Amino acid sequence: MANAPFKLSRAGRRSRFFVHAKCSLLLAMLGSLSGCQQQDDRKVLTLWHQMVPAERVILNERIAKFEDENPQYRIRALYKETEELRSGFQAAALAGIGPELIYGPSDVLGAFHTMGIVQDMSVLAPALDPADFVDDSLTYLPSHDNPKQLALLQIPDRLGNHLALVYNRNLIASPPTTTDELIELGVKNTLDENKDGRNESYGLVWNFVEPFFAIPFLTGYGAWVFDDSGDPVPALDTPECVAAYELILSLQDKYGIVPRNCDYETADSLFKSGKAAMIINGDWSWADYLNTEGIDAVVAPLPIVSATGLPMAPMVSPKGYSLNAYATPESAAAAMKFVTFATSESAQRELMQKLKILPSRKALHDDPLLTTDPTLLASKQQFANGRMMPVDTELRAVWDAMRPHYQALLGGSVSPQEAAQSMQKDALRAIQLMNRKTDKETAVWAWQLAGILICGALVVWQRKSLLDFLPDFRRQPFAYLLIAPALATIFLTIVFPFFYNLMLSLSDMSLTNFQDWKIIGLANYLEVFSEAKFFTILFKTLIWTVVNVFFHVAIGVMLAIAINGPIRGKAIYRIFLIIPWAVPAYITALTWRSMFHYDYGAINLLASSWPINLVTTNSWFVEFFGSPPFNWLGEPGPAFAACIVANVWLGYPFMMVIALGGLQGIPHELYEAARIDGANRLQQFRNVTLPLLKPVLAPAITLGAIWTFNNLNVVWLVSNGGEPSDQTHILVSYVYKAVFNLYRYGYGAALSMVIFAMLLVTSLVSLHRSKATENVYG
């Protein structure tokens, strides 16, 4: 466009006039149509929540009632997964935006308060009387302005969020009162009915791989996540913790009453289908179980640990509403009006009646329903045995340190003592990284000067294009006006975020410096390259990329050649083969995860049904994967292989489509000449097909390598966030964990810039060496 020397003819000028006229007419019509639409002048308030479906029904009813009584407001409720809400709210608050209200448990409030992204609600709720609420249900933390004063950070509409035992009365007459009874009932109800070596039903299920669900076992032995000093100091390697881990491990290995790799979805499905006699789950799930047909679910308190005589005490916490610190005064006042309505006595009574959830208001604890309803009565007893979940930011570091070693323990790769020691060591290190402050500060002017010099160099480099731009703009202003929205979008979504991330990579932005970060130079980059873990994950990422791209290209080209040949039903084959690419990636990833399940996955079911097990004759295969059934998701090597298989399935259709397009552009005369010269099929492929596909495949391979290198979704979903033991991470998932789990924003930004630099250099070198942009016939 910059080198267009021609002039428009009279017909061209007339055509341009009509284009202008049509555009003006179209804009006028759109404007008139928009003016005819009824405008909604209500004040819109956004609420992010993590309520389960049954809770959402009541929430929507509550919102509708509030809007009827307050027609000037409209509440927009959006469901977010737990981690999505936490990370999304942090990202939104970083930009000074986000929902006016968030709803969830209180454990995240310590981090949100440290960041300064939630505000004191007591100022906006002067009529709120703390005496109306159960002790410790209102969440207070020291105010930023005056540490001697307490800021109200959450107003709850319920108590608990706690675990309890749910049993199926069709299988168990009465609940166990001790862990010995629990094991005895579990063994009786763990059955291999067809004697094929796989259990059809289990005595006990729960989210076996998540440390939160292990807390009742720790408290049953007198252990806790923090010591008794009053400060958030981890206490994960005590003898009591080791004893608790030994009990948990025995339920899987010694007694076999818990299935391997039992995550939340597996446990929930087994209990609802009547294939599990007992489940340990939270109060958010009980209403669903009580209404499930085919089972007679009853809630009971967790049993007493036989070895200690102590009750299994889960973590308990309130759940409620918190206010965004960046909400405008008008929006904050309106949001507090809704919070007052949603946490009222009548609203909590409805939750108590319909969902069997404990209220946070004291007056409702005298309600006869709490003493007559068996579910509420059991919940109240369990809540009384529980321990309040800490709101300290260090709890995030504790979970992050416990998870990999807890999963390694369940996978059999470490002993309880080794797992406990590693948990303690990693928790202390994670807390130190999370709370680290640096006094190092470089001269900002030097970096500003460097930025100016780089911009100047870019201007000099592109001076010819810039000089050509001005006369071309005067000649064709309307053309540039048309592409202006696209340029603005590119700037806002690519250019600005890139340079902002570059700036963050030079800063000390973290949990404690969320809003007052400063430039510290290359310290984050030095930290990236000084960590041995970076090189380990980089090596694994390279393996991930090379293996995936190899199979994408090999399978894609092979199928493209097959479809391009003289076969019937080409259109049908194309449709079927492109389905993996058409289906959303997260659905495919979760489907593959279920197929790799140890007990109920299709892969193991097929492997176990083979009349002659060919794979066991390969010693290397048995050494790497074991014998059927394979523990695909419970061991690092097989889990990583499972991720690769899922991603190969997702990626080959793209290469197939690209290769098919290239094949259809190859003249048939070349193959005829090759056959006349006596070339066989393999020689035709090597000397004709492959060279002519090279210009098409080289850019596609480069693009595929970049996508695969940065493919977070498949690894995260198939391995459930790096399980087991954080051994399936690639660089992008490691960045995500560093940023959103430990709040190391500066470090994560530096690592992402390193990834960008590696991909940029690799792509440029690959395209240059392959000479993909040259004409194939040149």
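By convention here, each chain's residues receive numbers from 1 onward along its written sequence. Local features in a predicted model are, by the rule used here, given only for residues with pLDDT of at least 70; side-chain atom pairs are given and counted only at 80 or more, and totals for whole chains, interfaces and linings are based on all residues. Only hydrogens and water are set aside; all other atoms, that is, all heavy atoms of the structure, feed into the side-chain values.

## With respect to the overall build of the protein chain
Note the cut-off: The secondary structure listing takes helices from DSSP runs of H or I that are at least 4 residues long and strands from runs of E that are at least 2 residues long, numbered from the N terminus. Each residue gets one of three labels from its accessible area relative to the maximum for its type: buried under 20%, exposed over 50%, partly exposed in between, using a 1.4 Å probe on protein chains only. Accessible surface area values rest on a Shrake-Rupley calculation with a 1.4 Å probe, where residue burial reflects the displayed protein chains alone.
What the protein chain contains, in helices and strands, is 30 helices and 12 strands. Looking at the 778 residues of the protein chain, the share that counts as buried comes to 47%. In the form shown here, the protein chain has an accessible surface area of approximately 38500 Å², with 62% of it arising from carbon and sulfur atoms.

## Considerations on the sheet that holds strand β9 (residues 297–300)
Convention followed: In short, DSSP must find at least two bridges between two strands for them to pair. Lines fitted to the C-alpha atoms define the axes, with helices restricted to the stretch that makes contact. Angles between their N-to-C directions range from 0 to 180 degrees. It only takes one pair of heavy atoms within 4.5 Å for two residues to be counted as in contact.
Reading across from one edge, β7-β8-β6-β9 is the order of the four strands in this open sheet, with mixed pairing throughout. Either end of the sheet is taken by a strand with one partner, and the two such strands are β7 (202–206) and β9. For this sheet, the mean inter-axis angle between neighbouring strands, taken without regard to orientation, is 25 degrees. The sheet contact formed by strand β6 (residues 163–168) and β9 spans four bridges and is antiparallel. Along β9, the bridge assignment pairs V166 with V299. Of the strands in this sheet, β6, β8 (276–282) and β9 touch helix α9 (residues 283–290), which is tilted by about 140 degrees from β8.

## Describing helix α2 (residues 53–69)
Which entries qualify depends on this criterion: Each helix should span, by expectation, one fewer than its residue count multiplied by 1.5 Å.
In a regular helix each residue adds 1.5 Å, so 17 residues correspond to 24 Å; α2 covers 25 Å between its end C-alpha atoms and thus fits that length. Considered for burial, the residues of α2 that qualify are E55, I58, L59, R62, I63, F66 and E67.

## Things to note about the packing of helix α21 (residues 570–582) against helix α25 (residues 636–664)
Heads up, the condition is: Angular relationships are summarised with four words: roughly parallel below 35 degrees, roughly antiparallel beyond 145, roughly perpendicular across 65 to 115, and oblique for the angles in between. Handedness of each helix crossing follows the sense of rotation of the near helix against the far helix: counterclockwise by less than a right angle gives left-handed, clockwise gives right-handed. Think of it as three bins: nonpolar holds Ala, Val, Leu, Ile, Met, Phe, Trp, Tyr, Cys and Pro, charged holds Asp, Glu, Lys and Arg, and polar takes everything else, Gly as well.
α25 packs onto α21 with a crossing angle of 135 degrees between their chain directions and a minimal axis gap of 6 Å. The orientation of α21 with respect to α25, classified from their angle, is oblique. Here α21 and α25 pass one another in a crossing that is left-handed. Between α21, through R574, L577, I578, P580 and W581, and α25, the contact on the second element is made entirely by W649, L650, Y652, P653, F654, M656, V657, L660 and Q664. Within the contact of α21 with α25, the residues separate by chemical class into 12 nonpolar, one polar and one charged.

## Details of the side chain of S763
Quick reminder of the rule: In protein, a polar contact means a hydrogen-donor-capable atom and an acceptor-capable atom, both N or O and within 3.5 Å, with residues adjacent in sequence counting only if both atoms are side-chain atoms; elsewhere, any N or O pair within 3.5 Å suffices.
Following the sequence through the fold, S763 ends up in helix α30 (residues 745–770). On the basis of relative accessibility, which here comes to 12%, the residue S763 falls in the buried class. Among the polar contacts listed, one links the side chain of S763 to the backbone oxygen of L759, at a separation of 2.7 Å.

## Re the pattern of salt bridges
Going by this rule: Salt bridges, as used here, are contacts in which a Lys or Arg side-chain nitrogen is within 4 Å of a carboxyl oxygen on Asp or Glu.
All chains considered together, the criterion is met by 26 salt bridges. A salt bridge links D400 to K737; the nearest nitrogen and oxygen atoms lie 3.9 Å apart. With a gap of 337 residues between them, D400 in helix α14 (residues 394–411) and K737 in helix α29 (residues 731–740) connect regions that are remote in the sequence. Overall, D400 belongs to the buried group, its relative accessible area being 9%.

## Remarks on a nonpolar patch on the surface
Quick reminder of the rule: Like-charged residues within 9 Å of one another, or nonpolar side chains (Val, Leu, Ile, Met, Phe, Trp, Tyr) within 5 Å, are grouped into patches, provided each residue has over 30% relative accessible area and no salt bridge.
A cluster of nonpolar side chains, namely I572, I575, F576, I579, V583, Y586, I587 and L590, defines an oily patch on the protein surface of about 750 Å² accessible area. Among the secondary structure elements, those contributing two or more residues to the nonpolar patch are α21 and α22 (585–595). Note on placement: F576 falls in helix α21.

## Some points on the nonpolar core
The condition that has to hold: Residues enter a nonpolar core if they are buried and are Ala, Val, Leu, Ile, Met, Phe, Trp, Tyr or Cys, with the set joined through side-chain atoms within 4.5 Å.
Of all hydrophobic cores here, the largest spans 71 residues; its most connected members are L204, W206, F217, V225, M278 and M315. In this structure F217 touches W206, A244, L247, I248, L251, I280 and M312, once residues within four positions along its chain are discounted. Within the second largest apolar cluster, 70 residues are counted, among which are M434, L538, W592 and A750.

## Describing the packing of α2 against helix α10 (residues 329–342)
Packing of α2 against α10 leaves a shortest axis separation of 11 Å and a crossing angle of 120 degrees. With respect to α10, the element α2 is oriented oblique. Judged by the twist between their axes, the crossing of α2 over α10 is right-handed. Residue-level contacts link L59, R62, I63, K65, F66 and E69 of α2 to K337, F338, F341 and A342 of α10. In terms of residue class, the contact of α2 with α10 is built from six nonpolar, no polar and four charged.

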